[in-house]
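Listed below are the residues making up each chain.
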There are 2 protein chains.
Amino acid sequence: MNILITNDDGITAPGIKVLKEYMMNAGHQVLVCAPDVERSAIGHAITLRMPVWAKSYSLNGQFFGYASSGTPADCVKLGILQLARFKIDIVVSGINHGANLGTDVPYSGTVSGALEGAIMGYPSIAISDVSHQEPAYETAAAFLTNFLMSFDPKAIPPFGALNINVPSVPLSELKGFKITKQSNRRYDDFYEKRKDPYGNDYFWLMGNVIEEQPSFESDYYAVMNHYVSITPLSVFMNDEKTFNQLRQQFPG
Amino acid sequence: MNILITNDDGITAPGIKVLKEYMMNAGHQVLVCAPDVERSAIGHAITLRMPVWAKSYSLNGQFFGYASSGTPADCVKLGILQLARFKIDIVVSGINHGANLGTDVPYSGTVSGALEGAIMGYPSIAISDVSHQEPAYETAAAFLTNFLMSFDPKAIPPFGALNINVPSVPLSELKGFKITKQSNRRYDDFYEKRKDPYGNDYFWLMGNVIEEQPSFESDYYAVMNHYVSITPLSVFMNDEKTFNQLRQQFPG
C-alpha cells in the first residue's frame, strides 16, 4: 500500500521513525509529512490565514520526508494534495508518545491527523503508545504491521478513522486487540498560578487522570488489561439520543 | 444564569460584544474570557507545555472581560477554574463570524470552546452567524436570548453541547429553528504554490464548499432555508455502526 505518515510529536520524534521503518520493511511505499516542531495538543487546527512551508528533511544523509510549518491536519492536506508522487491508499498518524484515550481524543494532534485523512476521503488510522515514560514503539509498529496484513483499510467507512492505542509492553506481553469505544476517561484539571517578572499573573495547566472503573467496552479498559484498543471514530459528532429527544420536544 | 462567554475571533471581535450585551440585558451575569488575538480554525488545541496569561480588557473605560494568550479551550478552562468569581451555569462560545456546519466542526475554535465546557461538565452552546460577508450578530444574539427563556440548558447531557448556526438575515426573516445533524458539507481543498524571497516553496490553502443536496435533517439544509440550526453534538466520536461491524468480525 501507499501510506502517508504524519504525527504530532514532530518529524524528529522516534515514534515516526520506527513507524516508517516497519511500514517500509513490510513492503509499503511511504511518504512522511510531519510538523517541523512538536505540535502536541494542537487538536484539529489548520492554517488558513497564513501559508505553510514544507522542506525536505534528511536522516543519516537520506531523504526521510517533509517537515512542515503546519499542524498535523495541514500535513495530511499538504501531503495528499501537493507532495505525494503516488496515490495515497491510507493515512497513518503516529506513533504518538502517550495515550489518546477518552477525552484526550479532541485535543490530540495525532487523532486529528487521522480525522483529516477521513475528511479527505482516505482510510485513516491514528496509533499511540500509551506510556508517557518509556514507550515501546516497536510493539506498536509490529502490531500495526501485522494488523494491516489481515485487515483491509477499506472497511473503514467514509468520514471514519481507527484510533489505536497500544500498551507499552514487549510484543510478547500483548494479549491481542479489542474493538472499543472512546471512554469518558478525563482529568481533574487545575492551574498553578505564578507571577512573571513583570508582575503579571500566569497559569500552568496541571491535572491527573480521574481513576474510575472503565466500562468493559472502553478504550481504557482494553489497554489497562494489555490489549491493543481499536476505536472506530467518526468526524460526525452527532449525539443521536439528544437529537431524538429535542426533535420530539421541538418538531419545528 | 451565570454565563461564561468565549469565542475564537478574539476578545475585540464584534460578535462577542453583541453577545455579552444581549445576555446582560436579559438579566444574566456574564464573565468573558476570550483569546487576545484571533484563533479561528484552532480546533480543540490547548496549551500544555507553556503557561497562559489572562489580562483585564476594558472597552470604553469599563471592564469587559479577560483577554488570554490561550486558545478558546484554554479560555474555558481558565475562566471556570481560575477567573470566575461566581458559579458558572452555562458556557456560550461565539457569536462566531462565519458558519460552523458539517466538516467545519472539528476545525472550529468556537465549537471547541463549547465542547471544552462539555468535557468540564457544563451545559455548553456554540453560536455562529453563517455569513462571511455581513454578519447579523443582533439576529443571532436575539435568537439565543429568546431560546434561553424557554430552553433549560440542563437538557444538554454530560459531554454534550449544542452547535447553533444562525442565518445572516434580519430577525423578522428567521423562519424558526430546527434540531439538526452535523452534515457532510465539505470543501474541495487545493493549494496555491508560491516561492518565497529565499527560494523556498510555500503553499496557501484554498477551497470552496462542495455544493451537494443536503439531507433534510442536516445543519446546512436548515440554514439554507432560513431556519436556525441547532445540532446536538457529543465529545464522544464513536462510530457505533463500525464498532458493531468490527466487533462482530473481531470478537476478541
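Residues numbered from 1 in each chain as written. Chains lettered and ligands numbered in written order. Predicted model: local features only at pLDDT ≥ 70, side-chain atom pairs only at ≥ 80, totals over all residues. Heavy atoms only, no water.

Residue and element names in this part refer to chain A. In this model, helix 1 (residues 14–25) (twelve residues) spans 17 Å end to end at C-alpha, consistent with the 16 Å of a helix rising 1.5 Å per residue. All of the buried residues in helix 1 are Gly-15, Ile-16, Val-18, Leu-19, Lys-20 and Met-23. On its buried side, helix 1 packs onto strand 1 (2–6), strand 2 (29–35), strand 4 (62–68), strand 5 (90–97) and helix 4 (137–150). Gly-27 sits one or two positions beyond helix 1 and adopts a positive phi of about 95°. (Helix = DSSP H or I, 4+ residues; strand = E, 2+ residues; numbered from the N terminus. Expected span 1.5 Å × (residues − 1). Buried < 20%, exposed > 50% of the residue type's maximum accessible area, 1.4 Å probe, protein only. Contact = heavy atoms within 4.5 Å.)

This next bit is on the interface of chain B and chain A. Across the contact, 69 residues belong to chain B and 69 residues belong to chain A. In this assembly, chain B packs against chain A so that about 7100 Å² is buried in total across both faces, 64% of it on carbon and sulfur atoms. Of all residues in chain B, Tyr107(B), Tyr191(B) and Met237(B) give up the largest surface area on contact with chain A, accounting jointly for 11% of the area buried on that side. Joining chain B to chain A, the criterion identifies six salt bridges. Close ionic contact of Lys77(B) with Asp189(A) constitutes a salt bridge, the shortest N to O distance being 2.5 Å. Linking chain B with chain A are 26 residue pairs in polar contact (both at pLDDT 80 or more). Class assignment of the residues belonging to the side of chain B that touches chain A gives a composition of 37 nonpolar, 15 polar and 17 charged. Inspection of the sheet shows strand 10 (residues 201–206) of chain A paired to strand 3 (residues 52–59) of chain B by two bridges, in the antiparallel sense. Within the sheet, the bridge partner assigned to Tyr202(A) lies in strand 3 of chain B and is Trp53(B). (Buried area = accessible area lost by both parts, 1.4 Å probe. Salt bridge = Lys/Arg side-chain N within 4 Å of Asp/Glu carboxyl O. Polar contact = N/O pair within 3.5 Å; in protein donor to acceptor, adjacent residues only side chain to side chain. Nonpolar A, V, L, I, M, F, W, Y, C, P; charged D, E, K, R; others polar. Pairing = 2+ DSSP bridges.)

Residues and elements named next belong to chain B. When the terminal C-alpha atoms of helix 4 (residues 137–150) are compared, their 21 Å separation across 14 residues agrees well with the 20 Å that a helix rising 1.5 Å per residue should span. Helix 4 sits mainly inside the fold: ten of its 14 residues count as buried. Taken together, the buried positions of helix 4 are occupied by Tyr-137, Thr-139, Ala-140, Ala-141, Ala-142, Phe-143, Leu-144, Thr-145, Phe-147 and Leu-148. Looking at the buried residues of helix 4, the elements they touch are helix 1 (14–25), strand 5 (90–97), strand 6 (124–129), strand 7 (160–166), strand 8 (176–179) and strand 11 (227–234).

To continue, consider the environment of Ser56(B). Residue and element names in this part refer to chain B. Checked against the element boundaries, Ser-56 lands in strand 3. C-alpha of Ser-56 to C-alpha of Asp-36: the two residues are 20 residues apart in sequence and 10 Å apart in space. Sequence-distant contacts of Ser-56, that is, excluding residues within four places in its chain, are made with Phe-63, Gly-65 and Tyr-66.

Applying the stated criterion across every chain, the model contains 28 aromatic pairs over all chains. A centroid spacing of 5.4 Å and a plane angle of 75° characterise the contact between Phe147(A) and Phe177(A), whose relative ring orientation is edge-to-face. Of this pair, Phe147(A) sits in helix 4 while Phe177(A) sits in strand 8 (residues 176–179); the two residues are 30 residues apart in sequence, bridging distant segments of the chain. Comparing Phe147(A) with Phe177(A), the two get one shared label, buried. Ring centres of Phe63(B) and Tyr66(B) lie 5.3 Å apart, and the angle between their planes is 70°; on these two criteria the pair is classed as edge-to-face. Taking relative accessible area as the criterion, Phe63(B) reaches 44% and is therefore assigned partly exposed. (Phe/Tyr/Trp six-rings, centres within 6.5 Å; stacked < 30°, edge-to-face > 60°.)

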